[in-house]
Amino acid sequence: MAVNSEGSRLVATEGSHRVTPAELFFDLVFVYAITQVTALMAADPSGLRLLGGMVALALLWWCWCCFAWLGNVVRADSGTMFTVLVSVMAVVLIVSLTVPEIYDDAPGGLPAPLVFVLCYGAVRVLHLVTYWLSDPADQALQRVVRRTALLSVAPPFALLLIGAAFTGRTQILIWLAAVVIDYLGIFVTGKSGWRVASPGHFAERHGLIVIIALGESIVAIGVGVSGFALSTPVVAGAALGLLISAGLWRLYFRQLAEPVEHRLTTATGDDRTRLARDAYTFLHLPLVAGIVITALGMKKSLTQIADTGHYDLAEPLHGVVAWALPGGVGVFLLASAALLFRTTSHRSPALLVGGAVCVVAGPAVALIPSLVSLTLLAALVTALVLVQDTTARPHVTAAS
């Protein structure tokens with residue numbers, strides 16, 4: 001990539017490039033953003049609000065992914081690029097502040113849904129402009145940036161603006177349509193022009209965002225018991241929640257991360273770009289979403305266990321929260337199976353069966369005490385970890 005270091009001051013990366021401290025700093029704002037999504041769903045734990053939370057997460061995911069791709073070809077710690085990152089952090093921080101009110105705007109102050117949409121649009125524009133300036137001589141890149149702006153950014157942004165004028169179900173469905181069009185637009189714009197200069201950096205960036213999501217699940221445990229007396233059931237529930245998070249960490253970093261990165265490294269040209277898009281940009285979203293949904297379930301479970309003034313230890317979880325606790329893990333497991341198959345052509349019966357069981361376990365969870373639900377889920381995740389650890393790692397094939 002030809003970079004005018006004196007003009008644009010954007011410094012190209014190399015094949016051995018790794019994650020920079022600037023990118024770790026950039027990720028800090030997304031820690032708060034993901035926490036806000038969990039809070040959005042926890043404030044009104046209904047099926048519609050769960051869908052709305054996932055729509056908000058998908059939009060925030062695009063904000064993060066855009067700069068994961070850009071940081072792979074331009075050093076994030078170079079002068080101009082770092083300025084762009086800090087600017088995006090400021091905008092995403094504003095986005096995060098609006099998240100609790102995007103579907104139920106409080107009276108007074110700025111209109112939260114509109115601020116959310118305008119800031120989201122600003123992030124997408126900053127990304128495309130910076131990509132455009134990164135290599136003016138690359139005609140393939142210039143073409144794909146134009147196509148992305150016209151097909152994957154402008155139409156969804158218009159829908160988001162329209163949706164901001166509504167509330168409730170109508171707003172969520174319009175915004176959901178915008179997300180679907182945005183994701184489909186990535187396929188329409190094609191793969192030529194984008195590139196992954198450093199597979200190791202790209203894999204590491206996505207591993208870090210998985211850790212951020214897992215960190216939110218641990219924070220949710222603490223938030224769930226905050227303000228209540230410490231008791232034996234609370235200690236047990238917190239330990240079980242941590243065990244679930246640790247199991248998801250081990251499944252990802254011991255069974256998924258290495259073969260996926262290896263496959264990305266061996267791929268070349270447009271095949272590498274397509275694999276990065278499918279395995280990381282698309283399939284890592286349900287991984288993160290599954291963790292966030294699980295965090296919602298754990299937060300509500302711990303609150304119920306700790307709040308002895310309103311709940312009995314024998315009381316089960318109710319409504320969508322009863323599904324969220326195992327369902328989030330199920331989404332994570334099914335996404336893991338899809339990721340493994342996309343990159344290695346290996347089918348994992350354990351992940352598929354475990355994921356399916358968790359996804360349909362909601363009605364059963366609504367019948368048993370929440371502490372028992374946590375215990376059974378922790379046992380299931382631990383068993384899956386043991387099964388996966390004792391199974392030979394799949395041979396990496398030329399799936400593409």
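Residues numbered from 1 in each chain as written. Predicted model: local features only at pLDDT ≥ 70, side-chain atom pairs only at ≥ 80, totals over all residues. Heavy atoms only, no water.

A.B. asks: Give me the lowdown on the overall build of the protein, citing residues and values where you can.
C.D. replies: Within the protein, the regular secondary structure consists of 14 helices and zero strands. Each principal axis of the C-alpha atoms in the protein carries an extent, and together these give about 65 × 60 × 35 Å. Across the 400 residues in the protein, those meeting the buried criterion constitute 54%. In the form shown here, the protein has an accessible surface area of approximately 15,700 Å², with 69% of it arising from carbon and sulfur atoms. For the protein, the distance from the average site of its 23 positive side-chain charges to the average site of its 23 negative ones is 8 Å. (Helix = DSSP H or I, 4+ residues; strand = E, 2+ residues; numbered from the N terminus. Buried < 20%, exposed > 50% of the residue type's maximum accessible area, 1.4 Å probe, protein only. Areas by Shrake-Rupley, 256 points an atom, 1.4 Å probe, with all protein chains shown as cover. Lys, Arg positive; Asp, Glu negative; His and termini not counted. Charge placed at Lys NZ, Arg CZ, Asp CG, Glu CD.)

A.B. asks: So, the environment of L325: which residues are in play, and what are the values?
C.D. replies: Relative to the assigned elements, L325 resides in helix α11 (residues 319-344). On the basis of relative accessible area, L325 is assigned to the buried category, the value being 1%. Through-space distance from the C-alpha of L325 to that of P156 is 31 Å; in sequence the pair is 169 residues apart. Setting aside anything within four residues of it in sequence, one finds L325 in contact with T294, G297, M298, S301, L317, S373, L374 and L377. (Contact = heavy atoms within 4.5 Å.)

A.B. asks: So what about the packing of aromatic side chains? Which residues, and what values?
C.D. replies: A complete count under the given rule lists 13 aromatic pairs for this structure. Ring plane angle 80° and centroid distance 4.7 Å describe the contact between Y252 and F253, whose orientation is recorded as edge-to-face. On the accessibility criterion, Y252 (2% relative accessible area) is buried. Three or more aromatic residues link up through ring pairs in this structure, and these residues are W62, Y183, F187 and F282. (Phe/Tyr/Trp six-rings, centres within 6.5 Å; stacked < 30°, edge-to-face > 60°.)

A.B. asks: So what's going on with the environment of V385? Residues and values would help.
C.D. replies: Its place among the elements puts V385 in helix α14 (residues 370-390). Its relative accessible area of 8% is what places V385 among the buried residues. Each C-alpha atom, one on V385 and one on L351, is 9.7 Å from the other, the two residues being 34 residues apart in sequence. Look past the residues within four positions of V385 in its chain and what remains in contact with it is G247, R250 and L251.

A.B. asks: Outline the pattern of salt bridges, listing residues and values.
C.D. replies: Per the stated rule, a full pass over the model turns up ten salt bridges. Across the pair R250 and D389 runs a salt bridge, and its minimum N-O distance is 2.6 Å. On the criterion of sequence distance, the pair formed by R250 in helix α8 (residues 232-266) and D389 in helix α14 is long-range, its members being 139 residues apart. We classify R250 as partly exposed; its relative accessible area is 27%. Notably, a salt bridge pairs R277 with D278, separated by 2.9 Å at the nearest N-O pair. Take R277: its relative accessible area is 12%, and that puts it in the buried class. Classification of D278 as buried rests on a relative accessible area of 13%. (Salt bridge = Lys/Arg side-chain N within 4 Å of Asp/Glu carboxyl O.)

A.B. asks: Please give an account of the packing of α8 against helix α10 (residues 284-306) that cites residues and values.
C.D. replies: At a minimum axis distance of 9 Å, the contact between α8 and α10 shows a crossing angle of 170°. In terms of orientation, α8 and α10 fall into the roughly antiparallel class. Mapping the contact onto sequence places P233, V234, G237, A238, G241, I244, S245, L248 and Y252 in α8 and H284, L287, I291, T294, M298, L302, I305 and A306 in α10. Across the contact of α8 with α10, the residue classes tally to twelve nonpolar, five polar and no charged. (Axes fitted to C-alpha atoms, helices over the stretch in contact; angles between N-to-C directions. Parallel < 35°, antiparallel > 145°, perpendicular 65-115°, else oblique. Nonpolar A, V, L, I, M, F, W, Y, C, P; charged D, E, K, R; others polar.)

A.B. asks: For the side chain of Q171, give the residues involved together with the corresponding values.
C.D. replies: Tracing the backbone shows Q171 in helix α6 (residues 168-189). Assessed through its relative accessible area of 1%, Q171 is described here as buried. In contact with Q171, other than residues within four places in its own chain, are I102, Y103, P113, G163 and F166.

A.B. asks: Please set out the nonpolar core residue by residue, giving values where relevant.
C.D. replies: Residues F67 and W175 are the most contacted members of the largest nonpolar core, which totals 128 residues. The leading source of residues in this core is helix α2 (residues 47-73), at 19 residues. F67 has contacts with F26, M81, V84, L85, V88, V123, L126 and H127, leaving out every residue within four places of it along the chain. (Core = buried A, V, L, I, M, F, W, Y, C linked by side-chain atoms within 4.5 Å.)

A.B. asks: With reference to specific residues and values, describe the environment of D138.
C.D. replies: Position of D138 relative to the elements: it lies in the loop between α4 (112-134) and α5 (139-163). By relative accessible area, which is 22% here, D138 ends up partly exposed. Linking D138 and A238, residues 100 residues apart in sequence, is a C-alpha distance of 52 Å. Reaching out from D138, the side chain makes a polar contact with the backbone nitrogen of L141 at a distance of 3.1 Å. (Polar contact = N/O pair within 3.5 Å; in protein donor to acceptor, adjacent residues only side chain to side chain.)

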